[in-house]
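Read off the chains here:
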Amino acid sequence: MWKKRKHKAQYAFNAEKVFLAAAQPLQSVYNYCQTRKRGLTAEEVKSRQVMYGTNEVVHEKRQSALVIFVKAFINPFIGILTALIIISFIMDVLLAEPGEQDWTSIITISIMVVLSAILRFWQEWKASVSSAALLKMVTNTCTVRRMGNNGEEISNTELVPGDIVMIAAGDMVPADIRIVQAKDLFVSQSSLTGESDPIEKHPESKGGKGSVVELDDICFMGSNVVSGSATGIVLSTGNHTYLGTIAKSIAGHRAVTAFDKGISRVSYVLIRFMLIMVPIVFLVNGITKGDWLEAFLFAISVAVGLTPEMLPMIVTANLSKGAVAMSKKKTIVKNLNAIQNFGAMNILCTDKTGTLTCDQIVLEKYINADGSEDTEKRILRHAYFNSFFQTGLKNLMDKAILSHVKDLSLEHLKDNYKKVDEIPFDFTRRRMSVVVEDKQGKRQIITKGAVEEMIEICSHAEFDKTVQPLTAELKGKAKEISEKMNKQGMRVLALAHKSFIEKDRDFGVQDEKDMVLIGFLAFLDPPKQSAASAINQLHEHGVEVKILSGDNDAVVRTIARQVGIDTRHAVTGVDFAAMSDEERRKAVERTTVFSKLTPLQKTEIITLLQEQKHTVGFLGDGINDASALRQSDIGISVDSAVDIAKESADIILLEKDLMVLERGVLEGRKTFGNITKYIKMTASSNFGNMFSVLAASAFLPFLPMMPIHILVQNMLYDISQVSIPFDRMDPEYLRKPRKWDASDLSRFMVFIGPISSIFDITTYLLMWFIFGCTSPEMQSLFQSGWFIEGLLSQTLIVHMIRTRKIPFIQSTASWPVLGLTFLIMAIGICIPFTSFGATIGLQPLPLSYFPWLVATLLSYCVLTQLIKTWYIKRFKKWL
């Protein structure tokens, strides 16, 4: 089937090939797909990996370094600078007299363009590399049969066409496969078709299907197994699957989050201010100075100064640095924008299994239905057959049973039995069955599952070593035995069987009736020592923990009490279903412990919490958690989770521990705080600069600064902000969830922005009256004075805004921020004293200027601190 394909680039998804494979009868399908029942040889695998490449779908192709570098030049800042270069070239070179050509502005602006692009490229490239490295830390695996093994687990990326794969409940389908064996296989194709109902798949197509995705013997990559199990042959891998075709068409189209919208809104506000200000500055300077070309160049330079050109880079740098920092704390970020939601999360919903408990379930006891001890290990034997012979997803309790039997060296028990059929587990029935037969031909169904659901299908029970009708009295006794163990913190499963079955195939749910209850299995999964302190820490940081569990109410309450969760407000899934819509809305707000929930109820609870303006995180690792993970604002799973849970999550924990989660929450808030810091600083600084420029343009007989001065000042200021992602946040800031809120930004700009204008104007007055800069002949000295004061006040503003406290005394920035701030301040002070300063029209300032500069900056800091204190008292908000 694949012989004609000589190079992996020459083919794509081929619907005709899939239809042909689907139509093949079982006896010839292996030959058609160039494989065999025992699988491929190592040599065949190697040659097909060379031919078809890795089994990876490129959802969004990673951009090359060259593309990112080119894109770094495409932004408003670079566009304005480029326009200035062209205008300077025309005015200073083409139209200048021979011998009077001046390349200074052109060279200076070109350096600024290159430096700005390199800065942006470096941060974008680092973010891209970090993100790719983090995603590689999370892998999905599948079970494959190849020559020499009867099923080994490998990474999905290693699959090749012709491989024989085995899938079961909880698995993501790892490639496009042709089903050759199946047992009650139901697959969800919602990621491909949008259809939410699971579809049953069979080994042979029943025909009559119109669309390729409707073929009932083909499973497509990206769909997930809801229940049952199957074996299949890989038809297509990677970008050549049906999913690969879809992924190519939607690559790069990511949903816009509230955070994205907020960042865009800030950018548009600042750009609108610039578009209003620039024409006004141009007209005022043109009318008052009479030199319209100079006025135009000055207005363009003001536009550069008011453009938030570093915003994308600062946001990207903060998010990528936050993701790397979180990875060091065993938290992998799949989606960078999820970091903001992580910091904003104020409710964490979690299943108790593995997060609150040790996730090391042991079979504590196995007893008869009447509560007596199983001295003959009959209950254990039946439980072992049920767990051993099932082919579906083996949960922790199955593994505990198998481990216990191994420890007792009783694994030989299975040798006298063979499996006839099975009825896989699902979350509606909450039980699973196997049909086994011994060497004498005695056939029986063995079923284990949740106690309530098991009692419903039993008509008899073994009490006092005799089979008795399961009367209401005996049902009550059975439940009492189970609840007693639940209250001790044990999870209990019931075990039932039905013997001497004449039917020999095609068993289904309808056969799970008239069973005999024979015993109970009790499992212990004690709470983690760290769970109580982790929950307390989350509470202290404003995150309320709610348990959303499918387990028995008594078990969930016991574990919750042991880890310090208030159990006074507890609701079961049955109670929740009986409530009205209004009662449910109130219940989700006050309830901390939910038990016996269905997967749909978990999703509904999260939705109701979100409707009440909460930012909800959900921590889950099972197949039944996928829907809740997708619905939550921040889906959190663990590296050991089933494939569909990891695929649905935004964040993956490498360690199943709430302490890891708490550290990740703090890192998310720190990242968000640093972004907010830059946004508010830029917005208020730009707003203040507008007033300063307008005042200077209206009343001075010359320009307050030359266009080149504004550009150099702006470049130095931008460089000083590169260290913001490395700053720390005050502990008080990290104690509360932080949600994106743009409503405070305009108010912040209006109150904080004009402070810098006050001291810009005092600097004008200082240079005018004290240093006598009252004529165009003295403009160079005036411009030098404002150049230094404007740069230093702009650079210092980050220290005033970054904290509610008194900067440098009660709260100090990190060393990178401090170091870069003082370095840029020193460079700014030195420039007028250098030959570079002279070439751009600046001149050395007298020493008597500097005491005035110190007094101006100190006054600026004091006034800003006073207004900040008043602002916090008045509006109860800062960052």
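Residues numbered from 1 in each chain as written. Predicted model: local features only at pLDDT ≥ 70, side-chain atom pairs only at ≥ 80, totals over all residues. Heavy atoms only, no water.

Visitor: Teacher, can you tell me more about the pattern of salt bridges here?
Guide: Where charged atoms of side chains with opposite charge meet at close range, the side chains can pair. All told, the structure shown has 28 salt bridges when counted by the stated rule. Between arginine 443 and glutamate 437 there is a salt bridge, with the nearest N and O atoms lying 2.9 Å from each other. With respect to class, arginine 443 is no different from glutamate 437; both count as buried. Residue lysine 596 pairs with glutamate 452 through a salt bridge whose shortest N-O separation is 3.6 Å. With lysine 596 in the loop between strand E20 (593-595) and helix H21 (599-611) and glutamate 452 in helix H15 (residues 451-456), the pair connects residues that are 144 residues apart, well separated along the chain. On the accessibility criterion, lysine 596 (18% relative accessible area) is buried. (Salt bridge = Lys/Arg side-chain N within 4 Å of Asp/Glu carboxyl O. Buried < 20%, exposed > 50% of the residue type's maximum accessible area, 1.4 Å probe, protein only. Helix = DSSP H or I, 4+ residues; strand = E, 2+ residues; numbered from the N terminus.)

Visitor: Would you explain the side chain of glutamate 662 in this entry?
Guide: Among the structural elements, glutamate 662 can be located in helix H24 (residues 658-699). One buried charged residue, glutamate 662, remains without a salt bridge, the closest side chain of opposite sign being arginine 663 at 5.8 Å. Setting aside residues no more than four positions away along its own chain, glutamate 662 makes contact with Gln537, Leu538 and His541. (Lys, Arg positive; Asp, Glu negative; His and termini not counted. Contact = heavy atoms within 4.5 Å.)

Visitor: Got a minute to help me understand the environment of lysine 484 in this structure?
Guide: Among the secondary structure elements, lysine 484 is positioned in helix H16 (residues 472-486). A relative accessible area of 59% means that lysine 484 is categorised as exposed. When the C-alpha positions of lysine 484 and alanine 554 are compared, they lie 8.9 Å apart, and in sequence the two are 70 residues distant.

Visitor: I tried to follow unusual backbone geometry on my own but got confused; where do I start?
Guide: The phi angle of most residues is negative, glycine excepted, and most peptide bonds adopt the trans form. Phi is positive for serine 409, which is not a glycine, with a value near 55 degrees. As for its position among the elements, serine 409 is in the loop between helix H14 (396-407) and strand E11 (417-426). Residue class for serine 409 comes out exposed when judged on its relative accessible area of 53%. Although it is not a glycine, arginine 430 sits at a positive phi angle of roughly 60 degrees. Examined against the element boundaries, arginine 430 turns out to sit in the loop between E11 and strand E12 (431-438).

Visitor: I tried to follow the nonpolar core on my own but got confused; where do I start?
Guide: Soluble, globular proteins show a tendency: their nonpolar side chains are buried together. Grouped together as the largest cluster of nonpolar side chains are 162 residues, with contacts concentrated most on Phe342, Leu348, Ile565, Ile636 and Tyr849. Here this core gets 15 residues from one element, more than from any other, and that element is H24. Ile423, Val435, Val492 and Ala494 belong to the second-largest nonpolar core, a separate cluster that totals 27 residues. (Core = buried A, V, L, I, M, F, W, Y, C linked by side-chain atoms within 4.5 Å.)

Visitor: It is not clear to me how the packing of helix H28 (residues 779-801) against helix H31 (residues 849-875) should be interpreted in this structure. Could you clarify?
Guide: Working note: a packed helix pair is described by the angle between its axes plus the distance between those axes. Put simply, H28 and H31 touch, their axes get as near as 11 Å, and they point 35 degrees apart. The chirality of how H28 crosses H31 is right-handed. Within the contact between the two elements, H28 uses Gly785, Ile788, Glu789, Leu792, Ser793, Leu796, Ile797 and Met800 and H31 uses Tyr849, Leu853, Thr856, Leu857, Tyr860, Cys861, Thr864, Gln865 and Lys868. (Axes fitted to C-alpha atoms, helices over the stretch in contact; angles between N-to-C directions. Left-handed = near helix turned anticlockwise from the far one by under 90°.)

Visitor: Is there a simple way to think about the packing of H28 against helix H29 (residues 815-830) in this case?
Guide: Running from N to C, H28 and H29 cross one another at 175 degrees; their axes reach a closest spacing of 9 Å. In terms of axis orientation, H28 runs roughly antiparallel to H29. For the pair H28 and H29, contact is made by Phe787, Ile788, Leu791, Leu792, Thr795, Leu796, Val798 and His799 and by Val817, Leu818, Thr821, Ile824, Met825, Gly828 and Ile829, respectively. Considering only residue class, the contact of H28 with H29 consists of 11 nonpolar, four polar and no charged. (Parallel < 35°, antiparallel > 145°, perpendicular 65-115°, else oblique. Nonpolar A, V, L, I, M, F, W, Y, C, P; charged D, E, K, R; others polar.)

Visitor: What's the story with the sheet that holds strand E22 (residues 634-638) in this structure? I'm lost.
Guide: Adjacent strands of a sheet pair through backbone hydrogen bonds, lying either parallel or antiparallel. Taken in spatial order, the eight strands of this open sheet run E8-E23-E22-E21-E9-E18-E20-E19, and their pairing is mixed. On the outer flanks of this sheet lie strand E8 (331-333) and strand E19 (570-572), each paired with one strand and no other. Here the strands of the sheet are splayed against their neighbours by 20 degrees on average, with no regard to which way each runs. Pairing geometry for E19 and E20, over three bridges, is parallel. Bridge pairing links valine 571 to phenylalanine 594 in E20. (Pairing = 2+ DSSP bridges.)

Keep in mind these values describe shape, not function.
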